[in-house]
Amino acid sequence: MRSWERALSVLEALCERGQTAGHGWTLETELLPHHQQQVNALESQGLVELACREDRAELSALEGRPVRWAARLTAVRPRRSRLRPVPPPD
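Some words on the confidence of the model for the protein chain
Per-residue confidence for the protein chain gives a mean pLDDT of 83; residues scoring 70 or more make up 81%. Long-range and interchain partners of residues 76-86, a stretch whose pLDDT sits below 50, account for zero contacts in this model, where long-range means more than four residues apart.

So, the nonpolar core
Counting 11 residues, the largest nonpolar core is built from Ala7, Val10, Leu11, Ala13, Leu14, Leu31, Val39, Leu42, Val48, Trp69 and Ala71. When residues of this core are traced back to their parent elements, those giving at least two are helix H1 (3-21) and helix H2 (33-43). Each residue touching Val48, except ones within four places of it in the same chain, is listed here: Leu11, Leu14, Val39, Leu42, Glu43, Ala71, Arg72 and Thr74. Of all hydrophobic cores here, the second largest spans six residues; its members include Leu27, Ala51, Val67 and Ala70.

Notes on the packing of H1 against H2
Packing of H1 against H2 brings their axes to within 10 Å, and their N-to-C directions diverge by 100°. The pairing of H1 with H2 is recorded here as roughly perpendicular in orientation. Each of Arg6, Ala7, Val10, Leu11 and Leu14 in H1 lies in contact with H2, whose residues at this interface are His35, Gln38, Val39 and Leu42. Looking at the contact of H1 with H2 residue by residue, the class counts come to six nonpolar, two polar and one charged.

Focus: the side chain of Thr26
Position of Thr26 relative to the elements: it lies in strand S1 (residues 26-27). When its relative accessible area of 0% is taken as the criterion, Thr26 is described as buried. Once residues lying within four places of it in the same chain are set aside, the contact partners of Thr26 are Ala13, Leu14, Arg17, Gly18, Leu31, Trp69, Ala70 and Ala71.

Some words on the side chain of Gln36
When you line up the elements, Gln36 lands in helix H2. For Gln36, a relative accessible area of 16% translates into the label buried. A polar side-chain atom of Gln36 sits 3.3 Å from the main-chain carbonyl oxygen of Leu31. Ignoring any residue separated from it by four or fewer positions in sequence, one finds Gln36 in contact with Glu28, Leu31 and Trp69.

Scoring rules and cut-offs
- Residues numbered from 1 in each chain as written.
- Predicted model: local features only at pLDDT ≥ 70, side-chain atom pairs only at ≥ 80, totals over all residues.
- Heavy atoms only, no water.
- pLDDT = per-residue confidence, 0-100.
- Contact = heavy atoms within 4.5 Å.
- Core = buried A, V, L, I, M, F, W, Y, C linked by side-chain atoms within 4.5 Å.
- Buried < 20%, exposed > 50% of the residue type's maximum accessible area, 1.4 Å probe, protein only.
- Helix = DSSP H or I, 4+ residues; strand = E, 2+ residues; numbered from the N terminus.
- Axes fitted to C-alpha atoms, helices over the stretch in contact; angles between N-to-C directions.
- Parallel < 35°, antiparallel > 145°, perpendicular 65-115°, else oblique.
- Nonpolar A, V, L, I, M, F, W, Y, C, P; charged D, E, K, R; others polar.
- Polar contact = N/O pair within 3.5 Å; in protein donor to acceptor, adjacent residues only side chain to side chain.

Shown next as structure tokens:
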């Protein structure tokens, strides 16, 4: 499997598990350690957000147990079109 295929697979898993959880976060219990490492690498590319201390504290309260690691997809903003707008007809 190519690296981009692995990355896509991990991103799809994050999306699916985040939606299932209802809070958007995928927790450490839901991914294997090597997938967590891939997620950490995707975070440096801006594709994934890792939970900060405050987010982990909130998730811990929701889950009723300590959450040591959590990640979710970064919101993707639509790109602006690089095409020039078509001027209105005279």
